[in-house]
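Topology and contacts: notes
Read off the chains here:
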2 protein chains.
Amino acid sequence: MINVLAEKIKKLNAPIVVGLDPMLGYVPEHIQKKSFAEFGETLEGAADAIWQFNKEIVDNVYDLIPAVKPQIAMYEQFGIEGLKAYQKTIEYCKSKGLVVIGDVKRGDIGSTSAAYATGHLGKVKVGSKEYSLFDEDFATVNPYLGSDGVKPFIDVCKQEKKGIFILVKTSNPSSGEFQDRIIDGRPLYEWVGEKVAEWGLDHMGDSYSYVGAVVGATYPEMGKILRKVMPKSFILVPGYGAQGGKAKDLAPYFNEDGLGAIVNSSRGIIAAYKQEKYARFGAENFGEASRAAVIDMIEDIASIF
Amino acid sequence: MINVLAEKIKKLNAPIVVGLDPMLGYVPEHIQKKSFAEFGETLEGAADAIWQFNKEIVDNVYDLIPAVKPQIAMYEQFGIEGLKAYQKTIEYCKSKGLVVIGDVKRGDIGSTSAAYATGHLGKVKVGSKEYSLFDEDFATVNPYLGSDGVKPFIDVCKQEKKGIFILVKTSNPSSGEFQDRIIDGRPLYEWVGEKVAEWGLDHMGDSYSYVGAVVGATYPEMGKILRKVMPKSFILVPGYGAQGGKAKDLAPYFNEDGLGAIVNSSRGIIAAYKQEKYARFGAENFGEASRAAVIDMIEDIASIF
């Protein structure tokens, strides 16, 4: 799957991923109205609204991008109905040929991580049958519990030819509280990055490992160092756009082959119609606004090279 | 809710929590057969089997214990159907008067943590309506992203009078890889523990904070230090029993009032019927085996004081 991702990025010349993180506040009035008319102001109604919203965005951008990254929290906040919309979104994106990165940030002790890995990337056995569950292509993983929290994910990834992105340096303002603390002369995120590189050797694709890393766009100096620490890992880069990361700062996240990083934008794309820049489309044509924002983002990122 | 938990522990003289982490392999043959006969070897069948299993255990132990801790990964591995069983388990446990600690180990950047907090502890707004979702009383939270990943949980906890347990030192063998690394002369887990104490002051109950910590039973020396670092935080202690932690090692996790810690056992209770010690009950009476194991655990923990 990492080979597929790299191939798609090259073909589309678009090292970008659209974050499908649908807050209900992003969903235009007319979509909400329609869903509420059908299902009432219920969880089912909310889930339908975010699914219709996602679908229209995907329909408008799927030919331009290699991948999407749905943030499961935005669905989990609507409980079971929300998680059904998460699953439906994944299935639909895959049917459109998109690589799906489940931003689930799971991580636990061994047997529990194995259960998460099964639920998101693997297959579960029920008697003599086997079932795929959420079935993302990649998942994000939290490293705080160390190797035995991560390895069960890698085991499932090997079976399924899927991958993970491990949180190394996150994009949020307080990420430094623990991640930047100095251990034997180097910050914690570097030590985590080194482990990512080590774990990655255990599950290599053609040029890149199936074990990638998350490094926020908001910390380019650290991105530069981490690029060197993990030469074979794809870096998933959140924090571009709405969170303040700029394209010119992202050069160090890429390798010389122009690969090795994939930049995420969520709000900046899915709620583009709310920006002055794309206001001309109007809320009715929010999907077209998202398409215009994707085109602009691809151009912006291309300016790096 | 932290006051309720402390009250219940005192009343029952049982600072313990039963981990409802139902692997399908723990569910006795006769339960699986019945569920598969009704629903087939499907995800619905698996979910029904773990729900029936949970229900029988809860029916046998609810009067002895203050709280349960369902591990969501064990349900999530069966996808949507599994998560329905998770929700049903929570509802049932609450109807039996049990405090429910959702072992979800969520944690993300601010707005995303807010969504998780809503899904697990809060209420979501849909138009003019509000809905509770999974509605656990407590949730476990991963601290790797720092304050702005944790505070949205605390905000929801304040509204709902609920609480969280933050991972400080986990029970697994590789927990030391990052958690034990030395920063300015002290291990990372101590720095996290200090933050827990600080965050906790912001949301205090009568004697204890609504912000607790997870510290594994497998590292008693560290438990001793962390008890002092976080005097007002309840410590949720996994790793007793099956993972190797012993009662005699757990004294330092408690305060002088006999409170401040709650010891979890999962496998040791829910799969008790598989142990030689409780084999006399037979798989048919697995619930009674669990009850006997709970009584033994309470006695074992009482030997500390």
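Described below are features of the structure shown in this document. (Residues numbered from 1 in each chain as written. Chains lettered and ligands numbered in written order. Predicted model: local features only at pLDDT ≥ 70, side-chain atom pairs only at ≥ 80, totals over all residues.)

Things to note about the overall build of chain A
Put simply, the rule is: Going along the chain from the N terminus, every DSSP run of H or I of four or more residues is numbered as a helix, and every run of E of two or more is numbered as a strand. In this setup the radius of gyration rests on C-alpha atoms only. A globule is expected at 2.2 Å times the number of residues raised to 0.38. Residues with at least 20 other C-beta atoms within 10 Å of their own are called buried, those with 12 or fewer are called exposed, and the rest are partly exposed. The C-beta atoms themselves are positioned from the backbone. Throughout, a pair of residues is in contact if the C-beta atoms placed from their backbones lie within 7 Å.
If you tally the helices and strands in chain A, you get 12 helices and 12 strands. What you see for chain A is a C-alpha radius of gyration of 19 Å, in line with the 19 Å of a compact globule of 305 residues. Once the C-alpha set of chain A is aligned to its principal axes, its extents read approximately 60 × 55 × 35 Å. Of all 305 residues assigned to chain A, the portion counted as buried reaches 60%. In chain A, once contacts between residues fewer than 6 apart in sequence are set aside, the share between residues at least 24 apart is 72%.

Points about the relation of the copies chain A and chain B
What counts, and what does not: Only residues with pLDDT of at least 70 in both copies count here: their C-alpha atoms drive the least-squares fit that superposes the copies.
Mapping chain A onto chain B leaves a residual RMSD of 0.0 Å; the transformation is a rotation of 180 degrees accompanied by 0.0 Å of translation along its axis. Here the transformation between the copies is reduced to the relation of a two-fold axis. Rotation axis and chain A: the residue whose C-alpha lies nearest the axis is Ile183(A), separated from it by 2.7 Å. Residue by residue, 100% of the interface of chain A is reproduced at the interface of chain B, so both copies engage with the same surface.

With respect to the interface of chain A and chain B
Selection criterion: Throughout this entry, Asp, Glu, Lys and Arg are counted as charged residues, while Ala, Val, Leu, Ile, Met, Phe, Trp, Tyr, Cys and Pro are counted as nonpolar. The remaining residues, Gly among them, count as polar.
Listed by partner, the interface residues are 58 residues for chain A and 58 residues for chain B. The element that contributes the greatest number of residues to the side of chain A that touches chain B is helix 6 (residues 110-121) of chain A, accounting for six residues. Its residues placed into classes, the side of chain A that touches chain B shows 27 nonpolar, 22 polar and nine charged.

Here we look at the nonpolar core
How we decide: Only buried residues count toward a nonpolar core: Ala, Val, Leu, Ile, Met, Phe, Trp, Tyr and Cys, linked into one set through C-beta atoms within 7 Å.
Within the largest apolar cluster, 212 residues are counted, with the highest numbers of intra-cluster contacts made by Ile166(A), Val237(A), Ile166(B) and Val237(B). When sequence neighbours within four positions are dropped, the list of residues in contact with Val237(B) reads Val215(B), Ala217(B), Leu250(B), Tyr253(B), Ala261(B), Ile262(B), Val263(B) and Asn264(B).

Regarding the pairing of strand 7 (residues 163-169) of chain A
Looking down a regular strand, the side chains alternate between one sheet face and the other. Residues and elements named next belong to chain A. Put simply, the rule reads: With the strands aimed away from the viewer, a crossover counts as right-handed if its path from the first strand over the helix to the second runs clockwise. Two strands are counted as paired when DSSP detects at least two bridges linking them.
Counted residue by residue, strand 7 has seven buried out of seven residues, so it is predominantly covered. Remark: the strand 6 (residues 138-141)/helix 7 (residues 147-160)/strand 7 crossover connection has right-handed handedness. Relative to strand 10 (residues 211-215), strand 7 runs parallel, the two sharing five bridges. Across the sheet, residue Leu 167 finds its bridge partner in strand 10, namely Val 214.

Looking at the packing of helix 6 of chain A against helix 7 of chain A
Residues and elements named next belong to chain A. Short version of the rule: Here an axis means a line fitted to C-alpha atoms, over the contact stretch when the element is a helix, while the angle between two N-to-C directions is reported on a 0 to 180 degree scale. Note on convention: the crossing is left-handed when the near helix lies turned anticlockwise from the far helix by less than a right angle, right-handed when the turn is clockwise.
For the pair helix 6 and helix 7, the least separation of the axes is 8 Å and the interaxial angle reads 35 degrees. Here helix 6 and helix 7 pass one another in a crossing that is right-handed. Counted together, Gly 110, Ser 113, Ala 114, Ala 117, Thr 118 and Leu 121 of helix 6 and Asp 148, Gly 149, Pro 152, Phe 153, Val 156, Cys 157 and Glu 160 of helix 7 form the full contact between these two elements.

Focus on the environment of Met222(B)
Residues and elements named next belong to chain B. Here Met 222 is to be found in helix 10 (residues 220-229). Judged by local crowding, Met 222 falls into the buried class, with 23 C-beta atoms found within 10 Å. Measuring from C-alpha to C-alpha, the distance between Met 222 and Ser 171 comes to 11 Å, with 51 residues separating the pair along the chain. If near-sequence neighbours (up to four positions away) are discounted, Met 222 is found in contact with Lys 169, Tyr 189 and Val 215.

Some words on the packing of helix 5 (residues 79-95) of chain A against helix 5 (residues 79-95) of chain B
Note the threshold: Here is the rule for angles: anything less than 35 degrees is roughly parallel, anything more than 145 is roughly antiparallel, 65 through 115 is roughly perpendicular, and the remaining ranges are oblique.
For the pair helix 5 of chain A and helix 5 of chain B, interaxial distance at closest approach is 10 Å and the crossing angle is 165 degrees. Considering their axes alone, helix 5 of chain A and helix 5 of chain B lie roughly antiparallel with respect to each other. Crossing of helix 5 of chain A against helix 5 of chain B: the hand is right-handed. Listed contacts from helix 5 of chain B to Ile80(A), Leu83(A), Lys84(A) and Gln87(A) of helix 5 of chain A are Ile80(B), Leu83(B), Lys84(B) and Gln87(B). Of the residues contributing to the contact of helix 5 of chain A with helix 5 of chain B, the split by class is four nonpolar, two polar and two charged.

Comments concerning unusual backbone geometry
All names here are of chain A. Here the phi dihedral of Lys 161 falls at roughly 55 degrees; this positive angle occurs in a residue that is not glycine. As for its placement among the helices and strands, Lys 161 is situated in the loop between helix 7 and strand 7. Look at Asp 184: it is not a glycine, yet its phi comes out positive at around 45 degrees. Tracing the backbone shows Asp 184 in the loop between strand 8 (182-183) and strand 9 (186-187). Owing to 9 C-beta atoms within 10 Å, Asp 184 belongs among the exposed residues under this scheme.

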